[in-house]
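# A closer look at the structure
Here's the letter readout for the chains.
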Amino acid sequence: MRSDILGKYTPYNSIVHRLDPRFKFFALILLMVIVFLPFGNYTNRFIVLGILSLIIGIIMIVGKVSFKSFFRSLSSLWLMFIFLLIFMFFIPTKGEYPIYSFNENYTLYWDNLLQVLHIIIRLVLMIALTIILTSTTLPMDITYALDWYLTPLKVVKFPTQVVSLTISLALRFIPTLLNEANRIMNAQKSRGVDYNRGFFVAKIKSITTLIIPLLVSCFSRSDELAIAMEARGYDPYKTRSRYKSLHFTYKDLLALLFIILVAGLVITFSILSSTIGGFDDVINFIWGIKTI
Amino acid sequence: MEKEKIIEVKDLIFGYEKDSTILKCISFDIFKGEYVTLIGHNGSGKSTLAKLLSYILEPTSGKVYIEGQELNEKSIKDIRSKIGIVFQNPDNQFIGSTVEDDIAFGLENRNIKQDVMKKTVLEFAKKVGMDKFLNKEPEELSGGQKQRVAIAGILALNLKIIIFDEATSMLDPEGVEEIRKLILNMKEENPELTVISITHDIEEAYLSDRVIILNDGKVYKNDIPENVFKDEEEMRKIDLDIPFVLKIKNELAARNIIIPREIKTIEGVANYLCQ
Ligand SMILES: Nc1ncnc2c1ncn2[C@@H]1O[C@H](COP(=O)(O)OP(=O)(O)O)[C@@H](O)[C@H]1O
Ligand SMILES: [Mg+2]
C-alpha cells in the first residue's frame, strides 16, 4: 500500500512552499471551482482549460512538485478513465461531427469524445491542484489553515482547536497505519491468505483478515495516544498556545491578487460565454466594446 | 543528610473492575534524586501503578502523595507539572507531526509563549541529540530516536519525576543502549531528578539505586539491588533471573573469591581478578 497517493510533503524551499497555507488553501478551493465552471462550447472550454493547465503546470514546476508522484496518483484513476471512455459509447448525443456511423440509429460523434476528454481534464487538474497543496504544505500547516478558517465558529462555542488537533492526529497516523496494514497483510499472506485471487466473496473474506486486526490495533493505539496526551497535560477545554504561527506577507498578497485576477477573468469569461455564445462571439463582443 | 521524600504511596488498592484487584495494598516511598527500577512479570500491574502515580487512573482506595501533596482531582494540574511518563510504544506517544511539534506539545498545553517555546524546544532537542532532525516526521525516525523525542518533550517541561514505562522494550539493541545512556546522562546533569524505570532489564535494575519488585499485586521486594538479587532460588520462584554479573560473583564466591560490592560490571570483575 502506498502512502503518497495524493502527494506527500516534499521538503523543498520553493516560493510555493513558503506561501501562507491559508492562502494556498483558499487558492485551491477557488481554482477547483473555476475548473468546473461552464464555458459554452467546446472550443471555449478547451481554450480556458488549456490556459488553466498551463498556469497550474507552471505552479507545479515552481513548487518542485514531483511529476512522478503526480502520474502515480493518476494511474490509480486509469480504471475510471477507461470506464468513462466505454461509457461514452452509450451516451446518446446529437453532434455535428460524426466519427463513425454504425447504423442509421447509432452514430458516434466527436462530441462524445470531447465530453469525456473534458471530464478527464478537469479531474486531472483537480488532482494536480490537490498535489500542489499537499506536497508543498506540511499537514500541520494545512491544519493550522483550516483552524484559522474555522475561527469564526468559536463564537458559537464550536471547539475549533479540538477539531484541528483531531485532523492533524489523523494525518499524522495515516503513514503509521498504512505501514501497519502492510505488516498485517504480509503476516496474513505468510499464513496463506491470498489478497489478489478470488472473486467477490473470497475477496471480502481475505479483506476481513486485514480489517479486523487493523481496527483492533487502531483502538489500542488511540487509547494509548489519549493517555500519552493526558500525561503531557492536554486539556481540550483549556487555552493552548501555539508553537507555530502563520505569517501573511506581501508575497502572499501578490499571489492572492494574481489568483483573484485569474479567477475574475475566467468567471467573467464564463458569464459572457453563457450569455453571448462561442469564443469568437465573446472576442468579437469584447472587440466591439473597445472599438465603440 | 536526611533524604527528602518525593513520592509516598500508602495502602494503594486498585482494580479495573470492581471484583478484581490488580494492586492489593501497596506502600512505598521514593526519595528525591533516586533512580528506582520497578520490575515484575507481565501483567503484574507495573503500568497500572505508573498511571496511578500520575493520576491518569484513580485509586480504588489508598493515597499517593507527591512532595507531600495528595493526588486528587484538584491537585491534578500541579501533579502533571511534576511527573511525566515515557511510554513503551514509540509511535503511540508521538503526537506532533514533526519532531519539533512533538517536543512543543506539552509546552503548548501549558500556554507557554511562542518565543520562549522556540528556545526551549531547540535546547532540549539538543540535549537528546535530535536538533538535526527538527523537521522530520515520525515515519523517518528510528524507534530509539522517537523515544529520544518523547524524552525531550518531557524534559522540556522541567519535571521533577520521570517514569519510564518499559521505554526500551520495543527498541533494537542500539536503541536500548542509546536510551540507557541518555537516562544516565540526564541523572548526571540533574542529580535532583527522580527516575522510576519500569523494566524487564535485570542488568539495568542492578545498576539502579533501588529495586522494587511487584508480585501478585504486592510489593515483594524493596531494597538495594545487591540484597534483592541475593537469593537466586527465590528469584527463580517468581520467574525472575538475576543479573549476569551477580551470577559470576556468586560462582566466584563459591570458590572463595569475594568480589567487592561496588564492582557492578563484567569489566570491573575482570580487572579485579587480574590485579
Ligand atoms: N485498561 C484496562 N482495563 C482493564 N484491565 C486492564 C487494563 N489495563 C491493564 N489491565 C489488566 O491489568 C493487569 C495489569 O496490567 P499492567 O499494569 O499493564 O501490567 P504490566 O505493565 O505489569 O505488564 C493485567 O492483567 C491487564 O490485563
Ligand atoms: Mg506494562
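Residues numbered from 1 in each chain as written. Chains lettered and ligands numbered in written order. Predicted model: local features only at pLDDT ≥ 70, side-chain atom pairs only at ≥ 80, totals over all residues. Heavy atoms only, no water.

Residues and elements named next belong to chain B. Around ligand 1, the neighbouring residues are Tyr16, Ile22, His41, Asn42, Gly43, Ser44, Gly45, Lys46, Ser47 and Thr48. Within the backbone of serine 44, one N or O atom sits 3.3 Å away from an oxygen atom of ligand 1. One nitrogen or oxygen atom from the side chain of serine 47 is found 2.7 Å from an oxygen atom belonging to ligand 1. Taken together, the residues of the shell around ligand 1 break down into two nonpolar, seven polar and one charged. (Near = heavy atom within 4 Å. Polar contact = N/O pair within 3.5 Å; in protein donor to acceptor, adjacent residues only side chain to side chain. Nonpolar A, V, L, I, M, F, W, Y, C, P; charged D, E, K, R; others polar.)

Take the packing of helix α3 (residues 42–62) of chain A against helix α6 (residues 110–136) of chain A next. Residues and elements named next belong to chain A. Interaxial distance between α3 and α6 falls to 11 Å at its minimum, and their mutual angle equals 25°. Taken together, the axes of α3 and α6 lie roughly parallel to each other. Judged by the twist between their axes, the crossing of α3 over α6 is left-handed. Here Tyr42, Arg45, Phe46, Leu49, Ser53, Ile56, Ile59 and Met60 of α3 come into contact with α6, specifically with Asp111, Leu114, Gln115, Leu117, His118, Ile121, Arg122, Leu125, Ala128, Leu129 and Ile132. When grouped by side-chain class, the residues that make up the contact of α3 with α6 number 13 nonpolar, three polar and three charged. (Axes fitted to C-alpha atoms, helices over the stretch in contact; angles between N-to-C directions. Helix = DSSP H or I, 4+ residues; strand = E, 2+ residues; numbered from the N terminus. Parallel < 35°, antiparallel > 145°, perpendicular 65-115°, else oblique. Left-handed = near helix turned anticlockwise from the far one by under 90°. Contact = heavy atoms within 4.5 Å.)

Looking now at the domain arrangement of chain A. All names here are of chain A. Examined at the domain level, chain A breaks down into domain 1 (1–137 + 249–292) and domain 2 (153–247). The C-alpha centroid of domain 2 is placed 33 Å from the C-alpha centroid of domain 1. Opposite the eight residues of domain 1 that make contact, domain 2 presents seven residues. Around 630 Å² of area is buried between domain 1 and domain 2 when both sides are counted, 68% of it from carbon and sulfur atoms. On inspection of domain 1 and its partner domain 2, the count reaches zero salt bridges. If you look at where domain 1 meets domain 2, you find zero residue pairs in polar contact (both at pLDDT 80 or more). Of the residues in the side of domain 1 that touches domain 2, the class split is two nonpolar, two polar and four charged. (Domains from an automatic or database assignment. Buried area = accessible area lost by both parts, 1.4 Å probe. Salt bridge = Lys/Arg side-chain N within 4 Å of Asp/Glu carboxyl O.)

Chain-level pLDDT for chain A is 85 on average; 91% of the residues reach the 70-or-more range. Put simply, helix α11 (residues 279–291) of chain A is where chain A has its lowest mean pLDDT, 66, and helix α2 (residues 21–35) of chain A is where it has its highest, 95. (pLDDT = per-residue confidence, 0-100.)

Bringing the interface of chain B and chain A into the picture now. Counting residues at the interface gives 35 residues for chain B and 30 residues for chain A. Buried surface at the junction of chain B and chain A, both sides included, amounts to about 3,200 Å², of which 49% is carbon and sulfur. For the pair chain B and chain A, the interface holds six salt bridges. In this structure, glutamate 230 of chain A and arginine 80 of chain B form a salt bridge, with 3.5 Å as the shortest nitrogen-oxygen distance. Summed over the shared surface of chain B and chain A, the result is 21 residue pairs in polar contact (both at pLDDT 80 or more).

With that out of the way, let us pick up the environment of phenylalanine 89 of chain A. Residue and element names in this part refer to chain A. For phenylalanine 89, the position within the fold is in the loop between α5 (78–87) and β1 (98–101). For the pair phenylalanine 89 and serine 273, spaced 184 residues apart in sequence, the C-alpha separation works out to 28 Å. Excluding residues within four positions of it along the chain, phenylalanine 89 makes contact with Tyr106 and Leu108.

What holds strands together in a sheet is hydrogen bonding between their backbones, with the strands either parallel or antiparallel. Residue and element names in this part refer to chain B. The four strands lie next to each other as β2-β1-β4-β5, forming an open sheet whose pairing is antiparallel. If you trace the sheet from one side to the other, it starts and ends with β2 (23–31) and β5 (69–70), each paired once. Bridge count between strand β4 (residues 61–66) and β5: two bridges; the pairing is antiparallel. Within β5, the position partnered with isoleucine 66 by the bridge is glutamine 69. Packed on one face of the sheet, helix α1 (residues 46–53) meets β1 (5–14), β2 and β4 and runs near 120° to β1. (Pairing = 2+ DSSP bridges.)

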